[in-house]
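Survey of secondary and tertiary structure
One letter stands for each residue in the lines below.
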Amino acid sequence: MSGARLDVGPVDSFEEGSLTRVEVDGHELVVVHQDGEFFAVPDRCTHAKKPLHDGELEDGKIRCIYHGATFDLRSGKATLPAIKPLACYATAVEDGRVVVTPNA
Ligand code: FES
């Protein structure tokens, strides 16, 4: 599925400041709409593999509620107890829809 482009839904379905779980073509993602930008990451914390859609949004970061790790939405950089960075997928808005490219 490398290089797949996933239409995850209309822009209007992602409220500003929201974090939304999306499942498309076997990809489980969290789509974030923050400050007018869209971000997409896997719905799986790199610490103990818990779902990140349960997490909380901070400024430019997502915080896993299970043990408190944070992940930068642009770089994927993790804070303890997570060590491994989170994948950050490319997003684009095309014809009013949000498109995510995993593995990019
Ligand atoms: S599972 Fe996310 S911080 Fe532990």
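Coordinates for the structure precede this section.
The present account deals with the structure reproduced in this document. Quantities reported herein were computed from a predicted structural model and do not represent experimental measurements.

A few words now on the nonpolar core. A general feature of soluble globular proteins is that nonpolar side chains tend to end up buried together. Within the largest apolar cluster, 21 residues are counted, with the highest numbers of intra-cluster contacts made by Leu29, Val30, Val31, Val32, Val41 and Ile62. With four residues, strand β3 (residues 27-34) is the largest single contributor of residues to this core. Discounting residues that sit within four places of it in the chain, Val30 has contacts with Leu19, Thr20, Arg21, Val41, Asp43, Leu52 and His53.

With that out of the way, let us pick up the sheet that holds β3. Picture the strands of a sheet paired through backbone hydrogen bonds; they go either parallel or antiparallel. Pairing is antiparallel in the open sheet, where three strands are placed in the order β2-β3-β4. The two strands at the open ends of the sheet, each matched to only one other strand, are β2 (18-24) and β4 (37-42). For this sheet the average axis-to-axis angle between neighbouring strands, irrespective of direction, equals 25°. Where β2 meets β3, seven bridges bridge the pair, whose relative direction is antiparallel.

Let us look at unusual backbone geometry. For the bond from Leu80 to Pro81, the omega torsion is 10°, close enough to zero to count as cis. Looking at the secondary structure, you find Pro81 in the loop between β7 (70-72) and β8 (90-94). Non-glycine residue Asp25 carries a positive phi angle of around 50°. Within the secondary structure, Asp25 sits in the loop between β2 and β3. By C-beta crowding, Asp25 is classed as exposed, having 10 other C-beta atoms within 10 Å. Its identity as a non-glycine residue notwithstanding, Asp35 has a phi of 50°, on the positive side. Here Asp35 is to be found in the loop between β3 and β4.

Reading the values: the criteria
Residues numbered from 1 in each chain as written. Predicted model: local features only at pLDDT ≥ 70, side-chain atom pairs only at ≥ 80, totals over all residues. Core = buried A, V, L, I, M, F, W, Y, C linked by C-beta atoms within 7 Å. Buried ≥ 20, exposed ≤ 12 C-beta atoms within 10 Å, placed from the backbone. Helix = DSSP H or I, 4+ residues; strand = E, 2+ residues; numbered from the N terminus. Contact = placed C-beta atoms within 7 Å. Pairing = 2+ DSSP bridges. Axes fitted to C-alpha atoms, helices over the stretch in contact; angles between N-to-C directions.

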